[in-house]
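Single-letter residue listing:
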Amino acid sequence: MPRVSEEHLERRRQQILDAARLCFARKGFHETSMQDVFAESELSAGAVYRYFKSKDEIIGALATQTTVSLRALMTELIRVDPLPPPDRLVESLAEHLVANSGPESPLRLVPQAWALALVDPEAAEYVKEAIRGIRDCWYEYTERMRDAGWLPADTDIHAVATAIMGVLPGFILQHLIIGDIDPQTLARGLRTLLPYGPAA
């Protein structure tokens, strides 16, 4: 297929995802209909269904896409030398999340996707894949902490990674719903609980 055609198809696909994201951010997954997506994207039903068979498939694509930038940032941060301690790493990630948490931002879809995954098996598969990708990053980071001597040689990598994995979802919920927490507060708390790093 000619490159120009591939680029056109990708632009059209992204046009649909951008429209759906705006609709979901405004009305939520359940209240948004495919008709809303057609209207927001200014595309016909046939054009949209050419790319996505259902609303759940769009949700799955957005759930996956939303984690891409976070995973890319995590991968970059956990592979630098010297290795950042947990408080600085999480602060950087939290700052990224805050910067992408506006009224119509992708981050606002994340808790909705978690809730949908509890009741919709198709959506659950997309969400599981996204969560596992983030957790793999935490595995890598935990291994590097162990190799740096910040954790015992016999550390249960799975246990530590799954424990620290819970920090960011908790931050997301508090930031989006309560609104009284910032990345610096999160970092101070982690620094007290997890005093690892070169200065520990």
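Keep in mind that this is a model prediction, so the values were computed, not measured. (Residues numbered from 1 in each chain as written. Predicted model: local features only at pLDDT ≥ 70, side-chain atom pairs only at ≥ 80, totals over all residues. Heavy atoms only, no water.)

Participant: Describe the environment of His-158, naming the residues involved and giving the relevant values.
Facilitator: The topology assignment puts His-158 in helix 8 (residues 157-165). Separated by 16 residues in sequence, His-158 and Thr-142 have C-alpha atoms that sit 8.6 Å apart. Apart from the residues within four sequence positions on either side, His-158 is in contact with Arg-135 and Tyr-139. (Helix = DSSP H or I, 4+ residues; strand = E, 2+ residues; numbered from the N terminus. Contact = heavy atoms within 4.5 Å.)

Participant: Give a detailed account of the nonpolar core, specifying residues and quantitative values.
Facilitator: Within the largest apolar cluster, 32 residues are counted, with the highest numbers of intra-cluster contacts made by Met-74, Leu-89, Val-90, Leu-93, Leu-97, Trp-138 and Tyr-141. Residue assignment for this core shows that the elements contributing at least two residues are helix 4 (55-78), helix 5 (86-99), helix 7 (121-147), helix 8, helix 9 (167-178) and helix 10 (183-193). A per-element tally of this core places helix 7 first, with six residues. Those residues in contact with Met-74 that sit more than four places away from it in its chain are Leu-93, Ile-134, Cys-137 and Trp-138. Among the nonpolar cores identified, the runner-up in size contains 26 residues, and Ala-20, Ala-25, Phe-38 and Tyr-51 belong to it. (Core = buried A, V, L, I, M, F, W, Y, C linked by side-chain atoms within 4.5 Å. Buried < 20%, exposed > 50% of the residue type's maximum accessible area, 1.4 Å probe, protein only.)

Participant: Give a detailed account of the side chain of Asp-120, specifying residues and quantitative values.
Facilitator: By the secondary structure assignment, Asp-120 is in the loop between helix 6 (109-119) and helix 7. Buried charge without a partner: Asp-120 forms no salt bridge, and the closest opposite charge is Lys-55, 8.6 Å away. Here the side chain of Asp-120 touches Glu-122 through a polar contact of 2.9 Å, landing on its backbone nitrogen. (Lys, Arg positive; Asp, Glu negative; His and termini not counted. Salt bridge = Lys/Arg side-chain N within 4 Å of Asp/Glu carboxyl O. Polar contact = N/O pair within 3.5 Å; in protein donor to acceptor, adjacent residues only side chain to side chain.)

Participant: Would you mind going over the layout of surface pockets in detail, with residue names and values included?
Facilitator: In this structure, the largest pocket encloses a volume near 550 Å³. Lining of the largest pocket is provided by 28 residues; of these, Thr-66, Thr-67, Leu-70, Leu-107 and Val-110 occupy positions nearest its centre. Of all the elements in the fold, those that place two or more residues in the lining of the largest pocket are helix 4, helix 5, helix 6, helix 7 and helix 9. Among the elements that make up the lining of the largest pocket, the one with the highest residue count is helix 4 (eight residues). Here the residues of the lining of the largest pocket are counted per class, giving 21 nonpolar, six polar and one charged. (1 Å grid on protein atoms, 1.4 Å probe; cavity = no way out; pocket = protein on both sides within 12 Å on 5 of 7 lines; lining within 4 Å. Points joined across faces, edges and corners; volume = space filled by probe spheres on them. Nonpolar A, V, L, I, M, F, W, Y, C, P; charged D, E, K, R; others polar.)

Participant: Residue-level account of unusual backbone geometry, with values.
Facilitator: Most of the time, phi is negative for any residue but glycine, and the peptide bond is trans. Between Asp-81 and Pro-82 the backbone carries a cis peptide bond, its omega angle lying at 0°. Following the sequence through the fold, Pro-82 ends up in the loop between helix 4 and helix 5. A positive phi angle, close to 60°, is found at Glu-42, a residue other than glycine. Residue position: Glu-42 is located in the loop between helix 2 (34-41) and helix 3 (45-51).

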